[in-house]
Each structure stands twice: as C-alpha cells, then as structure tokens.
Amino acid sequence: MGKNSVIITLGRRIGNVILHKMLIKYTNRPESKHHLEVEEITYRDSAIKDSRQYNWNEKDKKELRDIAMEFIIDKSNKKYPDVNFPREEAERLVDEEIRELGL
C-alpha cells in the first residue's frame, strides 16, 4: 500500500480510536462501555502498526488530523446521533493521539 492509502487508513483508525473514547465518556448506554473499550484498543493497535510504516511530515499529520475529524463527525452523525460531545475535545484528543503514535 502506498503512503497516500496508508494516510487515509490511519486517519480513519485514529478517528475510530477517538470516536470510541468519546463514546465511552458520553454514551447513554453504560452497558456498551466494555464493548467500546475493547474496540478502542483494537483500533489503537492497528493505528500503531500503520503509523510505523512511514516517516510523517507536518503536511501528513495535518491530513491525518483532517481525515480523523471528518471520520468522527460523519460516523457520529450517522451511527450515534443520540450521543453528543464537544468537537473541541475530539480535536484535542486527535492531536494527542497523533503525538502518542510518535508522528
């Protein structure tokens, strides 16, 4: 897979990690928390693996952030319309996740 494809895949994985983190915090269904936590770990493991494939410059990181935020907004609107969370918090968490991945 080329770097551009990996950027899209990694951006979506980062988006999934953060979306699940936000859902755990803001869900209206506490019985779903364990399942969400397991999925968050799975997505993070995949993101770690993808992040090690290339060296990432600032342009790549911005693109990853944009893809992740677009994914979070789209997915939350379609699949979780009953769960509301602050966009600023999601943006902050995306930036933290990118740093934690060592990008």
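For the structure itself, look to the data block above.
Along every chain, residues carry numbers that run from 1 in the direction the sequence is written. A pLDDT threshold of at least 70 governs which residues receive local features in this predicted model, and a stricter bar of 80 or more applies before side-chain atom pairs are shown or counted, although totals over entire chains, interfaces and linings include all residues. With hydrogens and water excluded, all non-hydrogen atoms of the structure serve as input to the side-chain values.

Q: Can you help me understand the packing of helix α1 (residues 3–26) against helix α2 (residues 33–51) in this one?
A: Each pair of packed helices can be summarised by the angle the axes make with each other and by the distance between the axes. With axes taken as lines fitted to C-alpha atoms, and helix axes fitted only over the stretch in contact, angles between N-to-C directions fall between 0 and 180 degrees. A helix here means a DSSP run of H or I that spans at least four residues, while a strand means a run of E at least two residues long, and both kinds are numbered starting from the N terminus. One way to put it is that α1 packs onto α2 with a least axis distance of 8 Å and a crossing angle of 155°. Looking at the two axes, α1 sits roughly antiparallel to α2. Here α1 and α2 pass one another in a crossing that is left-handed. Together, V6, T9, L10, R13, N16, V17, H20, K21, L23 and I24 of α1 and K33, L36, E37, E39, E40, Y43, R44, S46, A47, D50 and S51 of α2 make up the contact between the two elements. Its residues assigned to classes, the contact of α1 with α2 shows eight nonpolar, five polar and eight charged. Oblique is the label for any angle not covered by the other classes, which are roughly parallel (under 35 degrees), roughly antiparallel (over 145) and roughly perpendicular (65 to 115). We call a crossing left-handed when the near helix sits turned anticlockwise from the far one by less than a right angle, and right-handed when that turn is clockwise. Residue contacts are defined here by distance: any two heavy atoms, one from each residue, within 4.5 Å place the two residues in contact. Basically, the charged four are Asp, Glu, Lys and Arg, the nonpolar ten are Ala, Val, Leu, Ile, Met, Phe, Trp, Tyr, Cys and Pro, and anything else, Gly included, counts as polar.

Q: Any chance you could explain the packing of aromatic side chains here in plain terms?
A: What describes a pair of aromatic rings is the distance from one ring centre to the other and the angle between the planes of the rings. What counts as a ring pair is set by centres within 6.5 Å for rings of Phe, Tyr and Trp (its six-membered ring), and what kind of pair is set by the plane angle: stacked under 30 degrees, edge-to-face over 60, tilted for all other angles. Taken as a whole, this structure holds two aromatic pairs when the rule is applied. Geometrically, the ring pair formed by Y54 and W56 is edge-to-face, given 6.0 Å between the ring centres and 75° between the ring planes. Working definition: with a 1.4 Å probe on protein chains only, accessible area under 20% of the residue-type maximum means buried, over 50% means exposed, and in between means partly exposed. For W56, a relative accessible area of 13% translates into the label buried.

Q: Any chance you could explain the pattern of salt bridges here in plain terms?
A: Close approach of charged atoms lets side chains of opposite charge pair. By definition, a salt bridge exists where a carboxyl oxygen of Asp or Glu is found within 4 Å of a side-chain nitrogen of Lys or Arg. Tallying each qualifying case throughout the model produces eleven salt bridges. The closest approach of N and O atoms between E97 and R44, which form a salt bridge, is 3.0 Å. Taken together, the residues E97 in helix α4 (residues 87–100) and R44 in helix α2 connect sequence positions 53 residues apart. Pair check on accessibility: E97 and R44 agree, each one buried. Note that E96 and R92 form a salt bridge whose closest N and O atoms lie 2.7 Å from each other. Taken together, the residues E96 and R92, both in helix α4 and four residues apart, mark about one turn of the helix. For E96, a relative accessible area of 24% corresponds to the partly exposed category. Of the residues examined, R92 reaches a relative accessible area of 41% and is grouped as partly exposed. Where salt bridges share partners, they join E40, R44 and E97 into one cluster.

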